[in-house]
Amino acid sequence: MVSKGPLLRLLTAINRRRMKLLMGLAFVAYVASVWGNFVNMRTLQENGDQKVESKIEEAVAPLREKIKDLEKRKRNVEHWIGHENFELINHDVVEPLYIEVDQIYHLASPASPPNYMYNPIKTLKTNTIGTLNMLGLAKRVGARLLLASTSEVYGDPEVHPQNEDYWGHVNPIGPRACYDEGKRVAETMCYAYMKQEGVEVRVARIFNTFGPRMHMNDGRVVSNFILQALQGEPLTVYGPGTQTRAFQYVSDLVNGLVALMNSNVSSPVNLGNPEEHTILEFAQLIKKLVGSGSEIQFLSEAQDDPQKRKPDIRKAKLLLGWEPVVPLEEGLNKAIHYFRKELEYQANNQYIPKPKPARMKKGRTRHN
Ligand SMILES: O=c1ccn([C@@H]2O[C@H](COP(=O)(O)OP(=O)(O)O[C@H]3OC[C@@H](O)[C@H](O)[C@H]3O)[C@@H](O)[C@H]2O)c(=O)[nH]1
């Protein structure tokens, strides 16, 4: 999810050859995580079905779907492919990377709770070994590194709204810990490299963000509710829906990341929209904007789900001159439009297994 404006402005401002590699690296994150999921899926399918020959076709079908997912993710950057200053590199940040860059936007990591919990060890490796590799690269080539940290470093907060001085309230062995603690130690690594090696670091604590080009299976609340509302399915609220979140539109986030990268602020900065809603209010708003007759269904509460979250963005306003400008409903309408198109795209590009030909046995047709 990128906004053309600030990135293109940036392209012209910085050495073109090196910038090209930076752009590639920025997308490594996302390609690596999709690729990781693809490989996991392949391993699971191979292990689960190897004994039963007749099940192979069945096992391969979801894999084919996954390959299509990978292609779909490539659609997120297709408008950049062919641009003279853009290069897409397929690389897992858990492995060292040797390239020449000026700036590194280190965005690698799944960010959706069901995705980062799906393979917690890989989430930990990406945020720990991956961050060490990116810091090592920054040190070697003298690049500045921006870490995409998260509001989840505040855990289930006891301070509201959350400002950057708050140390957080995280369960270190809970289901979210792979991400929360992974990002916390990633921040620690940034400041160790800054103090010991003089690496220039920027740390953005990103609050809930949404927008076009999210994955249909992302699993976070915005995409879930919109897709459910568009398909007339119940909107699944976890727990009573009294927990709160504040959602920012993706272009605001991108502007904030670019402003932070090019600032002289090395301490962590919250980037988020402080307009806070309960999840139940949010479900009702999405139903209204979609014009959907879907029910609201209450499911059991997610373990360690933060009960309140709202960014204090005074620091970003003061030091970066940044604040979100896209109103929630305007952003949601853009996301609704995108997901409507994605559903149409999916309907027209589905993998449909070929029907098996009917076999003849003793003169009569047998259907399998
Ligand atoms: O279908 C759903 C999905 C989610 N929810 C609830 O909606 C709230 C928001 O859930 P999301 O999964 O969208 O995201 P969370 O706020 O839990 O985590 C996010 O925090 C900020 C970022 O760093 C990450 O994008 C992500 O970890 C939670 O209370 C969750 O329980 C539902 O009620 N129904």
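Along each chain, the written sequence defines residue order, and numbers are assigned to residues from 1. A pLDDT threshold of at least 70 governs which residues receive local features in this predicted model, and a stricter bar of 80 or more applies before side-chain atom pairs are shown or counted, although totals over entire chains, interfaces and linings include all residues. By convention in this description, side-chain values take in all heavy atoms of the structure and omit both hydrogens and water.

A separate point is the packing of aromatic side chains. Centres within 6.5 Å make a pair out of two Phe, Tyr or Trp rings, where for Trp the six-membered ring is used; the pair is then stacked when the planes are under 30 degrees apart, edge-to-face when over 60, and tilted otherwise. Summed over all chains, the structure comprises eight aromatic pairs. With a centroid separation of 5.7 Å and an interplanar angle of 70°, the aromatic rings of Phe210 and Tyr249 are classed as edge-to-face. Of this pair, Phe210 sits in strand S4 (residues 209-210) while Tyr249 sits in strand S7 (residues 248-249), and the two are 39 residues apart along the sequence. Classification of Phe210 by relative accessible area gives buried; the value is 1%. Tyr249 gets classed as buried once you look at its relative accessible area, which sits at 8%. With 4.3 Å between their ring centres and 15° between their planes, Phe247 and Phe282 make a pair best called stacked. Taken together, the residues span a long stretch of sequence, with Phe247 in the loop between strand S6 (244-246) and S7 and Phe282 in helix H9 (residues 279-290) at a distance of 35 residues. Each member of the pair Phe247 and Phe282 is classed as buried. Among the aromatic side chains, those forming a connected cluster through ring pairs are Tyr154, Tyr166 and Phe207. Note that Arg75 overlies the ring of Tyr345, its terminal NZ or CZ placed 3.8 Å from the centroid. Put simply, DSSP marks the helices as runs of H or I at least four residues long and the strands as runs of E at least two long, and each gets a number from the N terminus on. Only protein chains enter the accessibility calculation, which uses a 1.4 Å probe; a residue whose area is less than 20% of its type maximum is buried, one above 50% is exposed, and one in between is partly exposed. Each ring is checked for a lysine NZ or an arginine CZ that lies within 6 Å of its centre and within 35 degrees of its normal; such an atom marks a charge sitting over the ring.

Attention now goes to the nonpolar core. Counting 47 residues, the largest nonpolar core has Phe210, Ile226, Leu271 and Leu332 as the members making the most contacts within it. Residues count as neighbours in contact if any of their non-hydrogen atoms are within 4.5 Å of one another. Dropping the residues within four chain positions of it, Leu332 is found in contact with Phe210, Val222, Ile226, Phe282, Leu285, Ile286 and Leu289. Counting 21 residues, the second largest nonpolar core, distinct from the first, contains Leu97, Ala108, Leu147 and Val201. Side-chain atoms within 4.5 Å link the members of a nonpolar core, which is a set of buried Ala, Val, Leu, Ile, Met, Phe, Trp, Tyr and Cys residues.

Attention now goes to the packing of helix H7 (residues 221-230) against H9. Orientation is described by axes fitted as lines to C-alpha atoms, over the contacting stretch for helices, and by angles from 0 to 180 degrees between their N-to-C directions. Closest axis-to-axis distance for the H7/H9 pair is 9 Å, and the angle between their directions is 40°. As judged from the angle between their axes, H7 and H9 are oblique. Handedness of the H7/H9 crossing: right-handed. On H9, the residues that touch Val221, Val222, Phe225, Ile226, Ala229 and Leu230 of H7 are Ile279, Phe282, Ala283, Ile286 and Val290. Roughly parallel refers to an angle under 35 degrees, roughly antiparallel to one over 145, roughly perpendicular to one between 65 and 115, and oblique to any angle outside these ranges. By definition, turning the near helix anticlockwise from the far helix through less than a right angle yields a left-handed crossing, and turning it clockwise yields a right-handed one.

Here the focus is the packing of H9 against helix H11 (residues 328-348). Packing of H9 against H11 brings their axes to within 10 Å, and their N-to-C directions diverge by 60°. Our classification of the angle between H9 and H11 gives oblique. The interaxial crossing formed by H9 with H11 has right-handed handedness. Between H9 and H11, the contacting residues are Phe282, Leu285, Ile286, Lys288, Leu289 and Val290 on the first element and Leu328, Glu329, Leu332, Asn333, Ile336 and Arg340 on the second. Looking at side-chain class alone, the contact of H9 with H11 contains eight nonpolar, one polar and three charged residues. Throughout, the ten residues Ala, Val, Leu, Ile, Met, Phe, Trp, Tyr, Cys and Pro are labelled nonpolar, Asp, Glu, Lys and Arg are labelled charged, and all others, Gly among them, are labelled polar.

Here we come to H7. Counting buried residues along H7, nine of its ten residues qualify, which places the element largely inside the surrounding structure. Considered for burial, the residues of H7 that qualify are Val222, Ser223, Asn224, Phe225, Ile226, Leu227, Gln228, Ala229 and Leu230. Residues of H7 that are buried make contact with S4, strand S5 (235-238), H9 and H11. Gly232 sits one or two residues past H7 and shows a positive phi near 70°.

How far a helix is expected to stretch is found by multiplying one less than its residue total by 1.5 Å. Between the first and last C-alpha of H9 there are 16 Å, a value that for twelve residues agrees with the 16 Å anticipated at 1.5 Å per step. Within the sequence span of H9, burial applies to Ile279, Phe282, Ala283, Leu285, Ile286, Leu289 and Val290. Seen from one end, H9 has its buried residues packed into an arc of 165°, which puts them on one side. Looking at the buried side of H9, the elements it contacts are H7, S5, S6, strand S9 (276-278), strand S10 (296-299) and H11. The positive-phi residue at the C-terminal boundary of H9 is Gly291, with phi of around 75°. In this description, the arc belongs to the directions extending from the helix axis to the C-beta atoms.

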